[in-house]
Amino acid sequence: THIVVTPSDFVITASRDGQLKFWKKLQTGIEFIKHFKAHLAPFSGMAASPDGGLLGTASSDKGLKVFDVLSFDMINWIKLDFTPGVCEWVSGSQAARAVLAVADATAPEIR
């Protein structure tokens, strides 16, 4: 349901069954790297940070997860008190702190 290509040459795919897959772009194709059962429900959003080092995912399971793209590890898992919609990194590549904005799927709010 979602696909992101990072400046760090990774392709990340997400499917409606909560599966997240990391792929590395090569000169002649792509190579499978790692698989996560990231969410228990469909993805509602997925975004890579401007430098391609972080990936944020949101799901109707009320989970928000952050992955380190270069090490292929989940580094943060936040259980939300609202159903998230889309997400996007709002801090620039030179920012001291990465900030991920998440839309509320049931209200006109960005959190």
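One can find the structure itself at the top, above this paragraph.
Below or above, wherever it landed, is the structure these notes cover.

For the rest of this paragraph, the subject is the side chain of K65. Along the chain, K65 falls in strand β7 (residues 63-68). There is a polar contact of 2.4 Å between the side chain of K65 and the backbone oxygen of A38. Look past the residues within four positions of K65 in its chain and what remains in contact with it is A38, H39, L55, G56, T57, M74, N76 and W77.

Inspection of the secondary structure assignment puts I33 in strand β4 (residues 29-37). Accessibility expressed as a relative area gives 29% for I33, which makes it partly exposed. Placed 78 residues apart in sequence, I33 and R111 show a C-alpha to C-alpha distance of 32 Å. What I33 contacts, discounting residues up to four positions off in sequence, is F22, W23, K24 and F72.

Calculation criteria
Residues numbered from 1 in each chain as written. Predicted model: local features only at pLDDT ≥ 70, side-chain atom pairs only at ≥ 80, totals over all residues. Heavy atoms only, no water. Helix = DSSP H or I, 4+ residues; strand = E, 2+ residues; numbered from the N terminus. Polar contact = N/O pair within 3.5 Å; in protein donor to acceptor, adjacent residues only side chain to side chain. Contact = heavy atoms within 4.5 Å. Buried < 20%, exposed > 50% of the residue type's maximum accessible area, 1.4 Å probe, protein only.

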